[in-house]
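# Understanding the architecture of this molecule
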Amino acid sequence: MSAFAIVLIVVVAIVAILAVALISMYNNLVKLRNRADNAWAQIDVQLQRRLDLVPNLVETVKGYASHESGTLQRVIEARTAVMGAKTPEGKMEADSALTGTLKSLFAVAEAYPDLKANANFQQLQTELSQTEDKISYMRQSYNDTVMKYNTAIETFPGVVFAGMFHFERRDSFDAEAVADVAPQVSFSQE
């Protein structure tokens, strides 16, 4: 075999190895991006479930605490904001506001023993609490998935190819400042 043939075989082998590595890296980035999309979809399912429970909860509270219309209105507005959010980031922000208003609503309910004893209210509160737990778990899962994806596109050699194939960094689902603040409740008559 001639020297030229050996060099040609070595070059072809190197090109083939690089092609396989590039294809493997691309497929891994696609897989991670799809996992992040799926994790977000799971959050979205739970957010929708919570959004479906909120109107029933508001109606139940209205029957007992009609003068707390400001709190009820804020819950409705926060729900509408989540429904109207177009991006995951917008939904994350609106969801944090809804979480805060729901805390205020449950704090208001504490002042009404008849409401707290109402079976419908108790059932809705239990379902909402279970949904909140699922949302919390899904947020953790989403954040873990996004961390793996972001790490893959920000470390070598992924960083070299991520830009070429338009793999963009994702934001994690962070708790907003509103989640760290206790709700303010007023029991004044309007």
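My aim in this report is to walk through the structure given alongside it, one point at a time. Treat the numbers as computed from the prediction; the structure is a model and nothing was measured. (Residues numbered from 1 in each chain as written. Predicted model: local features only at pLDDT ≥ 70, side-chain atom pairs only at ≥ 80, totals over all residues. Heavy atoms only, no water.)

Next up on the list: the overall build of the protein chain. From N to C terminus, the protein chain includes 6 helices and 0 strands. Element order for the protein chain, N to C, with α for helix and β for strand: α-α-α-α-α-α. In terms of overall size, the protein chain is more extended than a compact globule, its C-alpha atoms giving a radius of gyration of 25 Å where 190 residues would be expected to give roughly 16 Å. Along the first, second and third principal axes, the C-alpha atoms of the protein chain reach 95 × 25 × 25 Å. When each of the 190 residues of the protein chain is scored for burial, the buried share is 34%. Within the protein chain, residue pairs in contact and separated by at least 24 positions form 77% of the contacts whose partners lie at least 6 positions apart. The averaged location of the 22 negative side-chain charges in the protein chain is 6 Å from the averaged location of its 17 positive side-chain charges. (Helix = DSSP H or I, 4+ residues; strand = E, 2+ residues; numbered from the N terminus. Rg over C-alpha atoms; globule rule 2.2 N^0.38 Å. Buried < 20%, exposed > 50% of the residue type's maximum accessible area, 1.4 Å probe, protein only. Contact = heavy atoms within 4.5 Å. Lys, Arg positive; Asp, Glu negative; His and termini not counted. Charge placed at Lys NZ, Arg CZ, Asp CG, Glu CD.)

Following F156, the chain continues to P157 via a peptide bond in cis, the omega torsion being 5 degrees. Tracing the backbone through its elements, the reader meets P157 in the loop between α5 (119–154) and α6 (158–162).

The next thing to look at is the packing of aromatic side chains. Inspection of the entire model under this criterion finds 5 aromatic pairs. Judged by centre distance (5.7 Å) and plane angle (65 degrees), the ring pair of W40 and Y142 falls under edge-to-face. Of this pair, W40 sits in helix α1 (residues 3–64) while Y142 sits in helix α5; the two residues are 102 residues apart in sequence, bridging distant segments of the chain. Members of the aromatic cluster, connected to one another through ring pairs, are Y26, F165 and F167. Here the guanidinium or amino end of R170 rests over the ring plane of Y149, the centre of that ring lying 5.5 Å away. (Phe/Tyr/Trp six-rings, centres within 6.5 Å; stacked < 30°, edge-to-face > 60°. Lys NZ or Arg CZ within 6 Å of the ring centre and 35° of its normal.)

Let us now look at the nonpolar core. If you look at the biggest cluster of nonpolar residues, it comprises 23 residues, and the most contacted ones within it are L57, V61, L102, L105 and F121. Where this core is concerned, the elements lending two or more residues are α1, α2 (69–84), α3 (88–109) and α5. Per-element accounting of this core gives the leading share, 7 residues, to α3. If near-sequence neighbours (up to four positions away) are discounted, F121 is found in contact with L57, T60, V61, F106, A109, L115 and K116. Counting residues in each nonpolar core, the second largest holds 11 residues, with A36, W40, I135 and M138 among its members. (Core = buried A, V, L, I, M, F, W, Y, C linked by side-chain atoms within 4.5 Å.)

A few words on the side chain of R79. Relative to the elements of secondary structure, R79 occurs in helix α2. D52 provides the closest opposite charge to the buried, unpaired R79, separated from it by 4.6 Å. Look past the residues within four positions of R79 in its chain and what remains in contact with it is L51, V54, P55 and L98. (Salt bridge = Lys/Arg side-chain N within 4 Å of Asp/Glu carboxyl O.)

Turning next to the side chain of T131. Mapped onto the secondary structure, T131 falls in helix α5. Of the polar contacts made by the side chain of T131, one reaches the side chain of R49; its length is 3.0 Å. (Polar contact = N/O pair within 3.5 Å; in protein donor to acceptor, adjacent residues only side chain to side chain.)

Time to look at the packing of α1 against α5. To describe two helices that pack against each other, one gives the angle between their axes and the distance between the axes. It is at 8 Å that the axes of α1 and α5 come closest, and there the two elements cross at 160 degrees. Here α1 is positioned roughly antiparallel relative to α5, judged by the angle of their axes. The two elements α1 and α5 meet at a crossing, and its hand is left-handed. When its residues are assigned to classes, the contact of α1 with α5 shows 20 nonpolar, 7 polar and 9 charged. (Axes fitted to C-alpha atoms, helices over the stretch in contact; angles between N-to-C directions. Parallel < 35°, antiparallel > 145°, perpendicular 65-115°, else oblique. Left-handed = near helix turned anticlockwise from the far one by under 90°. Nonpolar A, V, L, I, M, F, W, Y, C, P; charged D, E, K, R; others polar.)

As far as function goes, none of this settles anything; it's purely spatial.
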